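Coordinates in review
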Amino acid sequence: MAERMGFFTDTSVCIGCKACEVACKEWNAIPEDGLNFTGMSYDNTERLGADSWRHVAFIEQRKPLARQEPGVDHEGPVPPLGTPPDLAPMNPMTPGEGGDLRWLMSSDVCKHCTVAACLDVCPTGALFRTEFGTVVVQSDVCNGCGYCIPACPFGVLGQRKDDGRAWKCTLCYDRIGDGLEPACAKACPTDSIQYGPLDELRERAAARVTTLNDAGVDDARLYLADTDDGIGGAGAFFLLLDDPEVYGLPPDPIATTRDLPAMWRHAALAAAGLLGAGLLAFAGRRR
Amino acid sequence: MTLRELVASWPVLRQLKGGDPRGDAAKSRRTARLRPRIRDADKVVDSVCPYCAVGCAQKVYVKDERVIQIEGDPKSPISRGRLCPKGSASLQLTTGSSRMHEVLYRRPYGTDWERLPLDRAMDMIADRMIAARRDGWVWEYEGRNVRHTLGIASLGGATLDNEENYLLKKLWTALGAVQIENQARI
Amino acid sequence: MSEEARGRDDGQAGRDAISEEVHGRQALSPGDHARDALTGTAGPRRRRRRRERPVVPEPEFTSYYGRPVVKPPVWKALDIAGYLFLGGLAGASSVLSAGAELTGRPRLARGTRIGAAGAIAVSLAALVHDLGRPARFVNMLRVLKWTSPMSVGSWILSAYAPAAGAAALSAVTGRLPRIGTAGAMAGAVAGPAVAAYTGVLLADTAVPGWHEGHRELPYLFVSSAAGAGGGLGLLVAPLAEAAPARRMGVAGGTAELLVAHFMRRRMGVVAEAYETGRAGVLIRTAEALTGAGALAAVLGRRSRWLSAAAGGALLAGSALTRFGVFEAGMISSKDPKYTVVPQRARLDARDDGNAVRPDGTVQQH
Amino acid sequence: MAECHPVGFQWVMEAKARGAVVIHVDPRFTRTSALSDLHVPIRAGTDIAFLGGLIHHVLENEKYFREYVLAYTNAATIVREEFRDTEDLDGLFSGYDEEHRVYDPRSWQYAGSEMPAPSGEVDEEMLLMTETARVEAHGSGGPEVSGKIYTDETLQHPRCVFQILKRHFARYTPEMVEQICGVPRDLFDRVCEYLTGNSGPDRTTAIGYAVGWTQHTTGVQNIRAASILQSLLGNIGRPGGGILALRGHANIQGSTDIPALFDLLPAYIPMPHLGQNEGLAAYLEDEAASKGYWGKMSAYMVSLLKAWWGEHATADNDFCFDYLPRLTGNHSTYHTVLRQMEGVCKGYLLMGENPAAGSSNSRYERMGMANLDWLVVRDFSLIESATWWKDGPEIETGEMRTEDLRTEVFFLPAAAHTEKSGSFTNTDRLLQWRDQAVEPAGEARSDLWFVYHLGRLIRERLASSDDPMDLPIKHLTWDYPTEGTQAEPSAEAVLAEINGFGPGGRHLSSYDELADDGSTSCGCWIYCGVYADGVNQAARRKPGWEQDHVALEWGWAWPANRRILYNRASADPGGRPWSDRKAYLRWDAERGRWTGPDTPDFPPTLSPDHRPPPDATGPDALSGTDAFIMQADGRAWLYAPAGIVDGPLPAHYEPQESPSENPLYHYGRNPARELIQHPVNRYQPSDGKPGSELFPYVTTTYRLTEHHTVGGMSRWVPYLSELQPEFFCEVSPELAAERGLTHLGWATIVSARAVIEARVLVTERMTPLIVEGRPLHQIGLPYHWGRNGYSRGDSANELAHLSLDPNTHIQEVKAMACDIRPGRRPRGPAALELVEDYRRRAGITERTGMEI
Ligand SMILES: Nc1nc2c(c(=O)[nH]1)N[C@H]1C(S)=C(S)[C@@H](COP(=O)(O)OP(=O)(O)OC[C@H]3O[C@@H](n4cnc5c(=O)[nH]c(N)nc54)[C@H](O)[C@@H]3O)O[C@H]1N2
Ligand SMILES: Nc1nc2c(c(=O)[nH]1)N[C@H]1C(S)=C(S)[C@@H](COP(=O)(O)OP(=O)(O)OC[C@H]3O[C@@H](n4cnc5c(=O)[nH]c(N)nc54)[C@H](O)[C@@H]3O)O[C@H]1N2
Ligand code: SF4
Ligand code: SF4
Ligand code: SF4
Ligand code: SF4
Ligand code: SF4
Ligand SMILES: [Mo]
C-alpha cells in the first residue's frame, strides 16, 4: 500500500477563479454541463455531479472577514438564509450590519472518505479503494445502478444522462499513480488546493488554522480532518470560514453503512418474522 | 482471453482467495493498466498561454501529430506550473469543434458564405491589396512629401506574436500603409 | 538543430519535466508562501459605523441557496417502488405457497406460486429497466459485498428467482412436481429475505427520509409484504382455503400501520417529508386502503366478494406504502432542511455535552 | 487582478503571506477585493481626485522620501514663467487653443529651455505633433527637454516643480475626495496611513493598474498621478515598488514594442510625419534626445532601415528613410473607421481583433465595415466581425439588408498558438518563446504564413513595375527560409532579424553595438540581444528553482534582460542600498561596477560620483546619479514639461458622460479630450445639464475571470462558457428597488447610442456611494458578449461612445452614464425608436457633449 494521499483545500486563499473546474474537465474529458445562469453569485456550476467533479461555491455574506474592510454600505434587511435564489437578491446571507460583507469561495470535491458509503454500497465493485486510499469509480464496470448516488452523504456522485453511469472525482488516479499532481491542484493559482500525503496535509492544516485563529480570523476551522467523525475523516478535507452548511456541506455527515450491521440484524429479524408469521397463519382453524 | 482466464479474473473468485472486494479484488483489467495519457506523448513542446499577458508557461503534449493535453510548466518562475481557467481551457480552445478550418467567401451582395480554396483567396487578396493601395495613394500634400496610402487598413496584433507583428509592420510600412492598429490602442 | 531533432530533444526534456513536476513543487515549497496569505489581519479593529437595522427573524437553518446537500436517487418511482412492492409480494407469496403446500391447500398454493413468480419476474424487469445500462446487469454478480444491500439482494434474488420460477413453472405445467415443491420450499426460505432486504436497500443511503427510518424500514416492508401476500392469497384462493392468507393479510396490514406510525414518531423533523406533498397523499391513501383492507378481510370471512375486495385493498395499500416511502425519500433528499437540521442538532447536542449514540442519534441527559 | 491576472495574483498572495497589506480601489467589490484587506469603492472615473488626495496628504504631511525626491526626481527644477496651472485658469493649463481644442505645451517647459516662447496659437505642426501622438513614442523613455536646467535644491522657489505641485494639489483634500469619489473620510485616511507607512528606505509600496485606469478621457493622467505619488514616496526602481501596468493580451506588450500601431516604428521610434521631409538628419534632430539612451536614436533608426531595405539602404540615399510613409494626422483605429465611412479606406484586414463587438460603440465599427470594398477576417471561428452582414444588430433592426451590402468578405482560419512558433512579450517585458507542436489542420495558417506569402505574392506582381511607389516593396528584404509541408516561414529567422546583425552577419548581443553608419541592422533595438550568439534567449527555460528570485535565465526581458527598470534608484546617490531590507543594486567601488541580482539599468561601470563634461551627449551625458536614464534630464518627472498633450500635471476631470458636476473647475471635462462628431456617435448631456437626468447612473464595463475580452477565445469554448453563460448586469439592492429590477430577471439598459438587455444580478457587492451629498448608483457590465458563439448575448459596447484619451486615443468605456429599466429590450425597429425617444427627450443634437 502506498501512502494515503489526499487534498487539503484551504478556502481562505481561494480566489474563485474556477481553474480547478476547467483543469479537471480538460484532463478527464468531462462533457460540458450546459449553460445555466443561476444567479447564485458567480456560481453557475451549482453542485458536484457526473459532469462537474470540482465545484466552486460563492457565498456573499453580511459578515466581517476578520478585520477586512469591505467599504460597502447597505440599508435594509436581507432575506434569511436558505431562501431560493429567485427570491433572494443575495444568498445565502447572514442577517447583519449593512457595512459588513465578505465573499467566500470554496472549491468542493469528492471527499475520498475513510468510510465511504458510495464504495460500500456499490454492488458491482465499480467503486473501489486504491492503493492511495482514494475512492475511484471504474467506468468500465459501473452498470448504472445508481445506488452510490444517494448513498454519498455529500451528494458528490451524479449520473451521466447519456450513459447512465455514475461519475465523480478519481483524485486523478491515473496521474498520481505516476507521480503527477492531480490536474486541479496543479492548476490552482493560489495553492488553495494542496495535494500530498494525508498525514502531512493534516499537520499543515492544523498549523494553518492556528495561524489564522491567532491572527484574528476566528472563523477558520477544519472540516472533515477529524478521524473520529462519521466518515472516519476524509481524504479530501477543508479549511472553512463558516459552518459547513453555508457551503452546502452537511454539518455532521455519517457514512450510513456504519449502521449496516444493525440494519442487517433488523432485516434478519424481520425476515424471520415474516417466515414465522406466515407459518403461524397456517396454524389453527382451516377457515 | 481464454475462458479459464475469464473465470480466474472473476472478482468473486479473487475475493474468495482473500482479495478485498472493496479494493484490489474489484479492480478491472482496464484500471490495472491505467496510465496518464501524457506518458504516451511522442513529444512535449514548450509553449506559452495565448490568453493574457501574465505569460504562463505551458507544456503541450503531442501524440500522433495531435495535441492531447496542455498544462502548466512548473519550471516557470512566473507561473510555477499554474494556469487560470482560460489557460486551462487551451486544449479545448485549440482542438475544440468551434475552430474553423476552411476559407469562406462572401461575394458582394451575397446572402451566404461560399467555399474558396486558400490559394485562390490569397491571390484575390493580393490583387485587392494592390488595387486599394493604388486607389488610396497620396504622393504629396500641400507640396510636402507624403507617399502613403489610406486605401487599406489593418487591425489586430495583440494575440499575434512578435515575429508576426514584425512582418506585418514591415510589409505594411513598405506598402505605404499607415493605418495599422491593434488592441494596444483600445 | 533541425526542427525534428529539436522536437525529440524537447520530448526528452518534457519527460524529465514530468518528474520535475512533483519534485519541482517541493523544491519550490520552502519559498512558496502564497498559501500562507492572511486576509483581513492588518489594521485596527473594524469600527462600527452602522445604525440599527431592521432585523430579520433568525432562519430555521442555513443552506447553500436552498440547494440539496445529498443527491436525490436517480431511480424512477414506478421501477423502484414497484420493484420494492413486487419483491415483497413475491416473498410473502412464496411463504404462503409453501404453507399451502404443506397444509394441502392446492388452489392457494398454485395461485401464490404463480403470483410469486410473476411478481418477481416483473420486478426484475423493472430493476433491469431502471439500470441506465441494462446490458451490464451481469456485473451485479461480479462481487459479493455484505456492505452493499444491492449486492446481497442480487445474490438473494439469484437464489430466489429460479426457485420461485421453478415452483411456478411446475404449477402451471403440472410437470416435475418434486422440483416444483423443492422450489417452493426454497422460495419460502429466501422469500422473506427478498422482502426484508429492500428495507435495508433504502435505509442504507444518505436520503434522510429513508436512513432516519433504518431501524423500522425492514419491519415496515415485511409487514407490508405480508399484507400484500395475504391480499393476493385472498384474491386467488377460494374461501375454503383462504384463512391463512386472511390471517397473514390482517396481521401484516395492522403491523404495517403500527410500524409506520412508530417510524415517523422517531424521525423528528424528517417525518414532515412523509406528510407533505405527494408522499403525504400516497401515505394517507395507503393507510386508508390497508386499514380498510384489513377490516374487510376480518369482516369478509364468509364473502368471496368481500374477501377479494379486501385482498385488492391490502395489495393496493401495500403498493402505495412503497410508493409513499419512495416519494418521502425523494422529498427529504431534495430539501436541505432534512439533512441539515438533524445533523446540526446532533452537533449542537454534542457540543452541549450530550452523548451521541453510535448511530448518530442524540441521547439527552 | 485576481479576476484578470489570476496566476499573477499568486505573487500578491505571496506578498500577503509576508505581511503585505493589499488595498483594492474599484467601483465594485470583486474577487480581488475578496482577498484584499481594504476595498475602497470609488465612483468610476474619479481616480485622479483620489490619487490627488493622496499626493496632497504626502505633501501636506511631509511624508515624502526627501533624499530620493531630491536625488532622483525633478522636484527642484524650475519651470518657465509663462506656465499657468488649472488652479489659475479654472480647469485649463496655459497654452490652450479653443479652436483646435489642443494645448501648445511650450509654456510648460523648464525655465531655460531653448524652445521658442509660446505664441498662444497652435500651428499646423503643433497640431500634427499632438494628433500623431508623440506621447507613445516615449513608451520606453521621456521626451526631449533642451537647454540648461535651473534647480533650487531647497525646494522653496515658487516656480520649482515641488511648489507647483503643492499648489496644484492643495484643493485635493480628504473632504474633496469624499465629495468627488464617494470615498468616506475614514476609509481614505486608512489608505493614506498604509501607503505612507509602507514607503521609505525600509519599505516599498507597489501600485498595479490596468484598463480601469487607462480607458478614460484622462487615462494617461491617471497613471501620471500614480507616478507622482510613487516618485514622491521613493517607490520607483526599487524591489517591491513600482507602478505595474498589468497588460492585456498575451502579446499586447510585444505589439506595442513592435507596434501594430500607426504612430510608431519598432521600439518606440516615432513614425515620421508630414512635416518631416527634410531627410533623416532633420528627422533625427527633431526626435532624438541629447542625453540618455535616446541620444543614440540615429543608430537605432539606421539599423532598422538596414533591416528592412538591406543593401538598398545606404548612406547616400539616407538609408531609404524616404521609403517610410508619412503620417498626416490621426490614423488611429477610430479615425480609420471615419475614413471607411467616407469611402477613402476600402480594404480592411482584421487579424485577431473583433471590433464589431469589442470596440467602443460597435455600431460605428459596423457602419465602417459596411462601406468597405473588401474585408479580410483571420480568426479561429466566425466572430461577429465576420458575420455582421448576415446577422448583425442592424440586420435585426432593419437598418441594413444583407442583399444591399456590397462588402466582399474573406474569412481565413488562423492557426493557434500550438500550431506555430514565435515569441510573446508578457507584462513584465519578458519575451518567451513557443515552439510549434503540430501543423495547423485544413486551411488554417499562421499569421506569419499569411503575411509572408501575401508579401511574396504582392512582390511577384510588382516585380516588373517601375513605378517609384513600388520601390519600397521591391527593395524590401523578404527572403525568409520556409519549413514544412505548408511552407511556413521560419519564425526564428525573423527573430534573428529583429535582434540584428553586425558586420559579417554576426548576431548582435546588445544595442550598445548598434551604429549609424549602416554597418549594423536591427529590427527592434530594444530587443537587441534576444538572439545573442545565435541562441534564442527567449527560449531559455532554466527552472525557477535553480535560480534566484530574479530568475534572469528564464526567457529574456527587454532592454538587455533587465527585470526592474531604473534599478539604479534602488541605491542611494552614493551607490549604497537604501536599506538592507530593500537592497538590490550597489556600487562595488573595488571592482568599479554596479552589482546585484539584476542587470543594472545604468551604464555598468559609471561611478556614482561621475559628472559628465558639459558637452557630452547621449549616454555619455549621464551623471552617476541620473537614475532615470531614458529621461532626457535623467530624473523621474513629478511634473511633465513635455510629451503629454493634456497637461503637465493630472487634474480631476469628469468623464465625458457623467451624472455629476466637477466641483473643482469650471472646465469640468478634459479640455483636450478627443471627440468624434458623427451621427452614429451622439453624446449625452452631462454634469447636470438638462437631459442628463435621463441617464442618471454610472456604468462601467469590465472582465470576468471566466471569459476573455469579447469572447472569441472563450464564448466558443464550452468549458468557459458554462461558467458564465449569460450577459448580466450587476446592481445593488438599492438600485434594484429604485428601478424595480428583479434578481435573475431582465434589465434594459439605454444610452444615447443604443439599447441592450442583460440578466440582472442583484448583489451587495455593488454599493451606492454618497457623491456630492446624494446617493449615486453604479451599474456593472461585463463586456464579453456578442451575438455569435456558444454563449451569446448583447454586447455592452453598443452603449459606449467615442471620447478618447488625447494621448493614446483610448476610448472611455470605464465610466459612462446610462439608464436602466426592468424587462427585455424592444426588438426590431422598436429598439431604434426607444433610443430615438431618449435622444429626443434629452434634447440631444450634434453639439451635445462637445463643450470644452
Ligand atoms: N479573465 C480575463 N483576464 C484578462 C482579460 C479577460 O478578458 N479576461 N483580458 C486581458 C486584457 S486584454 C486586459 S486589457 C486586461 C485588463 O485587466 P483589468 O484592467 O484588470 O480589467 P477590467 O476588468 O476591464 O477592469 C478592471 C477593473 O476596473 C474597475 N474600474 C472600472 N472603472 C474604474 C475606475 O474608474 N477606477 C478604478 N479604480 N477602477 C475602475 C472595474 O470595476 C474592474 O474591476 O486583462 C487581461 N486579462
Ligand atoms: N466596453 C469595453 N470595451 C473594451 C474593453 C473594456 O474594458 N470595456 N477593453 C478593451 C480591451 S483592453 C481590449 S484588449 C479589447 C479586446 O477586443 P478584441 O481584441 O476585439 O477582442 P478579442 O476577443 O480578444 O479578439 C481577438 C480575436 O483574435 C482571435 N485570435 C486569437 N489568436 C489569434 C491568432 O493567433 N491569429 C489570429 N488571426 N486571430 C487570433 C481570437 O479568436 C479573437 O476573436 O476590447 C476593448 N474593448
Ligand atoms: S480552488 Fe484554486 S483553482 Fe479553484 S477556484 Fe479556488 S483558487 Fe481557483
Ligand atoms: S464523498 Fe461521497 S462519493 Fe466521495 S468517497 Fe465519500 S461517499 Fe464516496
Ligand atoms: S452506479 Fe455504478 S458505481 Fe454507482 S453503485 Fe452502481 S455500479 Fe457502483
Ligand atoms: S483530482 Fe482529478 S479528477 Fe479529482 S477533481 Fe481534481 S482534477 Fe478532477
Ligand atoms: S493562464 Fe491565465 S493568467 Fe496565465 S497567461 Fe493564461 S490567461 Fe493569463
Ligand atoms: Mo486589453
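Residues numbered from 1 in each chain as written. Chains lettered and ligands numbered in written order. Predicted model: local features only at pLDDT ≥ 70, side-chain atom pairs only at ≥ 80, totals over all residues. Heavy atoms only, no water.

Here's the deal with the overall build of chain B
- A tally of regular secondary structure across chain B gives seven helices and eight strands.
- Its C-alpha atoms give chain B a radius of gyration of 28 Å, more than 25% over the compact-globule value 16 Å for 186 residues.
- Here the analysis covers contacts within chain B between residues at least 6 apart in sequence; of these, 31% occur between residues at least 24 apart.
- Taken as a whole, chain B presents about 6700 Å² of accessible surface, with 50% of it coming from carbon and sulfur.
- Taking the average place of the 32 positive charges on the side chains of chain B and the average place of its 23 negative ones, the gap between the two points comes to 7 Å. (Helix = DSSP H or I, 4+ residues; strand = E, 2+ residues; numbered from the N terminus. Rg over C-alpha atoms; globule rule 2.2 N^0.38 Å. Contact = heavy atoms within 4.5 Å. Areas by Shrake-Rupley, 256 points an atom, 1.4 Å probe, with all protein chains shown as cover. Lys, Arg positive; Asp, Glu negative; His and termini not counted. Charge placed at Lys NZ, Arg CZ, Asp CG, Glu CD.)

A look at the pairing of strand S22 (residues 746-750) of chain D
Residue and element names in this part refer to chain D.
- Counting buried positions over the five residues of S22 gives four, a clear majority of the element.
- In terms of strand pairing, S22 meets strand S23 (residues 755-762) through five bridges, oriented antiparallel. Residue Ala747 lies in a different strand from S23, and its bridge partner there is Ala758.
- Connecting the antiparallel pair S22 and S23 is a turn made up of four residues.
- Taken together, the four bridges between S22 and strand S28 (residues 816-822) define a ladder with antiparallel strand orientation. (Buried < 20%, exposed > 50% of the residue type's maximum accessible area, 1.4 Å probe, protein only. Pairing = 2+ DSSP bridges.)

Let's talk about the sheet that holds strand S3 (residues 66-72) of chain B
Residues and elements named next belong to chain B.
- Pairing is antiparallel in the open sheet, where three strands are placed in the order S1-S2-S3. The open sheet has two free edges, formed respectively by strand S1 (43-48) and S3, since each of these has just one partner strand. Taking each pair of neighbouring strands and ignoring which way they run, the sheet shows an average axis angle of 30°. (Axes fitted to C-alpha atoms, helices over the stretch in contact; angles between N-to-C directions.)

Looking at the site of ligand 2
- Close to ligand 2 lie 32 residues, the nearest being Gln183 of chain B together with Gly358, Asp379, Thr709 and Lys814 of chain D.
- Nearby residues place ligand 2 at the junction of chains B and D.
- A distance of 2.7 Å separates an oxygen atom of ligand 2 from a polar backbone atom of Asn354 of chain D.
- The side chain of Thr709 of chain D places a nitrogen or oxygen atom 2.5 Å from an oxygen atom of ligand 2.
- Coverage of ligand 2 by the protein amounts to 98% of the 900 Å² it exposes when considered alone.
- Across the shell around ligand 2, the residue classes break down as 12 nonpolar, 13 polar and seven charged. (Near = heavy atom within 4 Å. Polar contact = N/O pair within 3.5 Å; in protein donor to acceptor, adjacent residues only side chain to side chain. Nonpolar A, V, L, I, M, F, W, Y, C, P; charged D, E, K, R; others polar.)

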